[in-house]
Amino acid sequence: MIDTHAHIDSTLCDIIGGGPLDAVILSGASIESSKNNLLLADKYPFLCPAVGIHPQEIGDDINLLEELVKNPRVIAIGECGLEYLGEVDTKKQEEYFRKQIELSKKYNKPLIVHSRKAVDETIQILSEYKELRGVIHCYSGGKKRVNKVLALPGEWYFGFDGNLTYEVGLEEVLKAIPRDRVLAETDSPLLTPEPFRGQVNKPEYVKYVYQKIADIWGESFEKTEEILDANAKKLFGI
Ligand SMILES: [Zn+2]
């Protein structure tokens, strides 16, 4: 099993040793957390670091990111993207997003895209680039945008998190997506799945996302694990 999206700080103690997980992808949300991901990955081989600047962290200096991207252990750029919640600097968010897309192209590393209340804008920007690949993390674009994402140039995946276990509408979204484009994530320490909703999330709880996907697909856990792990390995080269 692979958790393809986690933020590790307070939950670190719970994942040392990995438990049932083969790998955990650490999302980078700021320069500091990206550096921290690299330090953690040096210590624990099953951790796979990504580096990036989240749209809520655009006070960080984007020019510091490329040096981190060059590290051969970095498997992806992100999370980066757009979040149009409340009063935000949409221009600067877009500038940071595009710069990280350029880094993804230049270093041939996939993108981890964060998109909240801005899925159409995100798809529009991604459609302007050729040969990109990545994941729309915690996909919230609904069934109606699935085909738009699949039609983007390059290869795009959809990330599903613990809210799949309690948001009824997400089941239909998952069903609309080809199985070879689905990834399981936790977004730890947030988005805790049932039966632990309300508590702090941790990477090993990704098994509840796997189980929910298996239930929706009408597939065995083992077969679902095989598909989801293969998808993660293909996109991230891990
Ligand atoms: Zn995240």
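Everything numeric here is computed off the predicted structure, so don't read it as measured data.

## Focus: the UniProt feature "binding site: a divalent metal cation 1" (unreviewed entry) in the protein chain
So, step 1. In the numbering used here, UniProt assigns the "binding site: a divalent metal cation 1" (unreviewed entry) feature to His-5, His-7, Glu-79 and Asp-187. Spatial clustering of the annotated residues is evident: they stretch over 183 residues in sequence, but the largest pairwise C-alpha distance comes to 10.9 Å.
So, step 2. With respect to the helices and strands, His-7 occurs in the loop between strand S1 (2–6) and helix H1 (12–15).
So, step 3. Look at His-7 and you get buried, because 22 C-beta atoms sit within 10 Å.
So, step 4. The buried category is assigned to Glu-79, around which 29 C-beta atoms lie within 10 Å.
So, step 5. Beyond its immediate sequence surroundings of up to four residues, Glu-79 is in contact with Ser-27, Ala-29, Gly-52, His-54, Ile-112, Val-113, His-114 and His-137.

## Here we look at the environment of Glu-57
So, step 1. With respect to the helices, strands and loops of the structure, Glu-57 is situated in the loop between strand S3 (47–51) and helix H3 (65–69).
So, step 2. We classify Glu-57 as partly exposed; it has 18 C-beta atoms within 10 Å.
So, step 3. In sequence terms Glu-57 and Lys-202 are 145 residues apart; their C-alpha atoms lie 23 Å from each other.
So, step 4. The contact partners of Glu-57, leaving out residues within four places of it in the chain, are Ala-29 and Ser-30.

## Some thoughts on unusual backbone geometry
So, step 1. Of note, the amide linkage connecting Gly-78 to Glu-79 takes the cis form, showing an omega dihedral of 15 degrees.
So, step 2. Counting through the fold element by element, Glu-79 comes out in strand S4 (residues 76–83).
So, step 3. Residue Pro-195 is reached from Glu-194 by a cis peptide bond, and omega for that bond is 10 degrees.
So, step 4. In this fold, Pro-195 is placed in the loop between strand S8 (182–184) and helix H8 (206–217).
So, step 5. Even without being glycine, Asn-108 reaches a positive phi, approximately 50 degrees.
So, step 6. A count of 9 C-beta atoms within 10 Å places Asn-108 in the exposed class.

Definitions and limits used
- Position numbers for residues start from 1 in each chain and track the written sequence from start to end.
- Totals for whole chains, interfaces and linings use every residue, but because this is a predicted model, local features are given only for residues with pLDDT of at least 70 and side-chain atom pairs only at 80 or more, for both listing and counting.
- UniProt positions are given in the numbering used here, feature names are shortened, and annotations may be inferred rather than shown by experiment.
- Numbering goes from the N terminus for both helices and strands, where a helix is a DSSP run of H or I of at least four residues and a strand is a run of E of at least two.
- Our exposure labels follow a C-beta count within 10 Å of each residue's own C-beta, placed from the backbone: buried means 20 or more other C-beta atoms, exposed means 12 or fewer, and partly exposed covers the counts in between.
- C-beta atoms are placed from the backbone for every residue, and two residues are taken to be in contact when these atoms lie within 7 Å.

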